[in-house]
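# Coordinates in review
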4 protein chains.
Amino acid sequence: MAKIAFFGLGNMGASMAKNLVKAQFNVTVFDLVGSQVQLLAEAGAIPSSSVKQAVESAEIIISMLPAGKHVESLYFDEDGIVNNISAKSLFIDCSTIESNTAKSIGARLQAHGHRFIDAPVSGGVAGAAAGTLTFIAGGEKVDFDEAQSCLQAMGKNIFHAGGIGAGQVAKICNNMLLAILMAGTSEALQLGIDNGLDPKVMSDILLQSSGRNWTLELYNPCPGVMANVPSSNDYQGGFLVDLMNKDLGLAMGTAANNQSVVPLGQLAKSLFQMHGNAGNGKLDFSSIFNAYKHG
Amino acid sequence: MAKIAFFGLGNMGASMAKNLVKAQFNVTVFDLVGSQVQLLAEAGAIPSSSVKQAVESAEIIISMLPAGKHVESLYFDEDGIVNNISAKSLFIDCSTIESNTAKSIGARLQAHGHRFIDAPVSGGVAGAAAGTLTFIAGGEKVDFDEAQSCLQAMGKNIFHAGGIGAGQVAKICNNMLLAILMAGTSEALQLGIDNGLDPKVMSDILLQSSGRNWTLELYNPCPGVMANVPSSNDYQGGFLVDLMNKDLGLAMGTAANNQSVVPLGQLAKSLFQMHGNAGNGKLDFSSIFNAYKHG
Amino acid sequence: MAKIAFFGLGNMGASMAKNLVKAQFNVTVFDLVGSQVQLLAEAGAIPSSSVKQAVESAEIIISMLPAGKHVESLYFDEDGIVNNISAKSLFIDCSTIESNTAKSIGARLQAHGHRFIDAPVSGGVAGAAAGTLTFIAGGEKVDFDEAQSCLQAMGKNIFHAGGIGAGQVAKICNNMLLAILMAGTSEALQLGIDNGLDPKVMSDILLQSSGRNWTLELYNPCPGVMANVPSSNDYQGGFLVDLMNKDLGLAMGTAANNQSVVPLGQLAKSLFQMHGNAGNGKLDFSSIFNAYKHG
Amino acid sequence: MAKIAFFGLGNMGASMAKNLVKAQFNVTVFDLVGSQVQLLAEAGAIPSSSVKQAVESAEIIISMLPAGKHVESLYFDEDGIVNNISAKSLFIDCSTIESNTAKSIGARLQAHGHRFIDAPVSGGVAGAAAGTLTFIAGGEKVDFDEAQSCLQAMGKNIFHAGGIGAGQVAKICNNMLLAILMAGTSEALQLGIDNGLDPKVMSDILLQSSGRNWTLELYNPCPGVMANVPSSNDYQGGFLVDLMNKDLGLAMGTAANNQSVVPLGQLAKSLFQMHGNAGNGKLDFSSIFNAYKHG
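Residues numbered from 1 in each chain as written. Chains lettered and ligands numbered in written order. Predicted model: local features only at pLDDT ≥ 70, side-chain atom pairs only at ≥ 80, totals over all residues.

Residue and element names in this part refer to chain A. One can read the domain layout of chain A as domain 1 (3-164) and domain 2 (169-292). Using C-alpha coordinates to define each centre, domain 1 is positioned 30 Å away from domain 2. Across the contact, nine residues belong to domain 1 and nine residues belong to domain 2. (Domains from an automatic or database assignment. Contact = placed C-beta atoms within 7 Å.)

So, on to unusual backbone geometry. Phi at Gln-24 of chain B takes a positive value of approximately 75 degrees, unusual for a residue other than glycine. Within the fold, Gln-24 of chain B resides in the loop between helix H1 (11-22) and strand S2 (26-30). A positive phi angle, near 60 degrees, is found at Asn-228 of chain C, a position not held by glycine. (Helix = DSSP H or I, 4+ residues; strand = E, 2+ residues; numbered from the N terminus.)

By a simple turn and slide, chain A fits onto chain C: the slide is 0.0 Å along the axis, the RMSD is 0.0 Å, and the turn is 180 degrees. Each copy turns onto its partner about a two-fold axis. Comparing contact sets, 100% of the residues at the interface of chain A also lie at the interface in chain C, consistent with an isologous, same-surface contact. (Least-squares fit on C-alpha atoms with pLDDT ≥ 70 in both.)

Turning our eyes to something else, we now look at helix H12 (residues 263-280) of chain D. Between its terminal C-alpha atoms H12 of chain D stretches 23 Å, which fits the 26 Å expected from 18 residues at 1.5 Å a residue. For H12 of chain D, the tally of buried residues reaches 15 of 18 residues, placing the bulk of the element in the interior. (Expected span 1.5 Å × (residues − 1). Buried ≥ 20, exposed ≤ 12 C-beta atoms within 10 Å, placed from the backbone.)

Time to look at helix H5 (residues 99-111) of chain C. Residues and elements named next belong to chain C. Compared with the 18 Å implied by 1.5 Å per residue over 13 residues, the 18 Å span of H5 between its first and last C-alpha is a close match. All of the buried residues along H5 are Ser-99, Thr-101, Ala-102, Lys-103, Ile-105, Gly-106 and Leu-109. Along its buried surface, H5 packs onto helix H4 (68-76), strand S5 (90-93), strand S6 (115-118), strand S8 (133-138), helix H8 (166-194) and helix H11 (241-257). Two residues or fewer past H5, Gly-113 is found with a positive phi of approximately 85 degrees.

Moving on, we get to the nonpolar core. Judged by nonpolar contacts, the single largest core of 428 residues is most densely connected at Ile-92 of chain A, Ile-92 of chain B, Ile-92 of chain C together with Ile-92 of chain D. Discounting residues that sit within four places of it in the chain, Ile-92 of chain C has contacts with Ile-60, Ile-61, Ile-62, Ile-117, Ala-119, Ala-147 and Cys-150 of chain C. (Core = buried A, V, L, I, M, F, W, Y, C linked by C-beta atoms within 7 Å.)

Note on placement: Gln-236 of chain A falls in the loop between helix H10 (214-218) and helix H11 (241-257). Between the C-alpha atoms of Gln-236 of chain A and Asp-143 of chain A, which are 93 residues apart in sequence, the distance is 38 Å.

This next bit is on the relation of the copies chain A and chain B. Each of the two chain copies goes to the other by way of a rotation about an axis and a shift along it. Superposing chain A onto chain B takes a rotation of 180 degrees plus a shift of 0.0 Å along the axis, which leaves an RMSD of 0.1 Å. Residue by residue, 100% of the interface of chain A is reproduced at the interface of chain B, so both copies engage with the same surface.

Okay, structure coming up:
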């Protein structure tokens, strides 16, 4: 099995690294927070106390960090990976970052003889723990194939979206569309409710009609229609409004690359942003339903 | 079998009436266009030359007309149905009209001792011909049950949305949501394409992710992704932009009843309206994809 | 001086009628609320206890009511004006109602030999008291000219927008544009503030640049920039969010008449509607500035 | 008089440099296009054949370039200004660039002991030729004061918006608001026209009411209402749709800095972007009026 160096042991990363250990990979871990490194060591990973030590014999680098600048810093700083690794390696970045940053990182790595795929995830903390994440990857087909065994240890659905950066693009297009579906479905349901319809009956009809979409299937935003979704649990847990806003920000940045026209995406961003600004940032994003409520 | 009087033999109505005849109902037909009456007579219906004659022994009235004012006129004018029918009958209006108009029609009919359900359809001319329409009905449960055998002769999925007017509300909520799904999906696909992704690969990924919706499943707006959909046939046929605009107009009217908040629905309406105004009214509504194209 | 019968003695109407009295018109008043009639009697108007009595010798009818249905009822009910007036009179409706309703009222009055102008006002309760209202009138030029002396007793700027109904159209276009100006200006100011600019400096620059508009000139929405505007008085008084929402609803109805495209107007409506639904309906409409605040 | 080195002799820059020469400044010019340098030499400027030569004895640097990356390159490349200038100078960048880039440029210049103000302009090619540009500047007050005599040689209104970067912020807020005013006014005028009103009458009423704004005062978008504006000249000349789209892109980038909420600005951007994509990029931006036309 390939030797992996794993960087970024936050809520998501720690679970992902554990699943690699469980799958019998040889995993060396590093994080700025020592206690997280210790936690992984107890789970069977090899702890390290510096980037340099972590990458000593690594063949595959996996990173899971908050934003593009952190990835750039980890990879290219003087005491970063590229200056301290001996083998020509495959870098797999699972962070959600701007696609242009991913492309630029890929080019810089290639200039040093390394390979790169961007492989952002969806599925949240629960999916990370259960090993059921979705990975949407960008990069050369041969590199994608090489990454498969690692990714399958951490996730269930693994997609190859295209060249480097395509993983970020596809993820962000999906999440922008998801924001539109969630707000649009909330709007349609509340319009029905305002006119006397029962939300459960409405949902059943829409599900069997041309309004059908993922939110109606699995994540109904109206309390009481579905059990075991955030809307029936005071919008706790799930995918936070703040995180949706981060992704919508990335989508707008991606649109700006080519002056793409995204009117519904922009409006969804404003709606979620106002909803977050009104103090709902830590609620599940299906709480946008509340923004349509009607005195 | 109940004796039916059927009014409105346009593209949709003629096919619907034929399917009732095929199902062995006793169907008397009337339309202002005599040649359409003749056509149905050849198909086995009983022709009539006036409203009065058509309803003489009718127990069930079915109407399929362009707008609310036509239904009101047919039902309540001096030479209309109510003044010329003897039995207390069940009126089934399959037209797509304002929900408030449906409610007011229902109340007036009840004042005369009749019963009413509003039962707008979706599925288009093809669905009408094939007898596979979807009916979304509003009215008393007992009346809905009585209408079942007729509706099943003309359609496949028959929903009961609630009281009188609820059929119109549910249909219009569905179609507003559909407009949002179609425009939103077009936007997400084009954003991916602008950033170098293949629309077929993108569509596959979205379909298996949280962006999944009816348009990606059955009606992809990007040419070449799916066979046998309007987008792969120069956006001919299907559900016309002009008709989507009519339905979005009804949705906005329904929202105005209670000052409901429908920002995405409004924006979808503006996008489809501008698209129609630019000369695309007779194309399929998935042609909204073209509005996102990018020089 | 012409004999006037005045109907609708609410906050606005009572002040308007008083100003007519002050201007030496012979004014008979009627309202369903007897105490308001009494109030006007004390101010010098002739009280009446029924519509019939009020119009006995009237040459000019003025009405100031909440909505179109009230005007229709006052004019056309069995015990309404038309059935009880002897002279062929000039009806001046100062209510803000749907332009289509105004047109239909005008046509019905003309059928009875009367004349009609729609003359909705702006300027609010303060303008009504001070006699500085703006009237935007629709109707025949000759009727408009005849109405001038009355209107000038109650207002300062009197516009003739076109034929019957044009007053309503022009007023509603103005108020839709005003909503866009107020929200757009709030958005631009807050964007500057978010980036460290001083709102007073920003406002000065915008005022002398191509962003100049009425709200920056006279009604800055940012607290502290201008004295004596609602924003510097906790958004008390002024033009209520609820009233702006009423007018935006009329604008959307007017747009629906011809499927006009009004994307910014629609979005402004959603923003003001959400703002009102969040409990701000009784604040001045410049409080929309708060919707842009940013944690 | 201060010795000026001027960089960027395009349509705007060439006229600006000429006005400095006319005002008796000692102006050395450089541009990558030699013929433009020659042109300025004929107008009285001192030509130079390299950045190094241009800045030899310069005390004030003025740049007028297309985008932030050009400014960064001119200032900081190995053969750029900073590496080749001896005096501690005042840099005045008149380009329209991202405010964050302006801030970062300012910080880098300060680290080398230089001073910086960002001073983007409005007024277009005509204003540059006539010396009537508007400058909206950001930087220290003392630097702004020092720049005054130069700026006054090129323009008429000179504003100090705040610290470094504030000029860019204020300009972009103004232009975002202008886009909203122009589209909103078009929408209101067309709504009136659709309902039978005369655009000239409408414009007069709006101008004297709360819908008043700069576009109605000076730049009416409806053909025939005003003489000598682009709308009455087939939308030729003026401020191009493509340039408005560039500025709206900068506004969206500025909003993204702090996740500011700019729904109307976003929608205006989509409307202008779609209008440009439909082949209208080289028309004046008031041609957005055509997007509201109605079959």
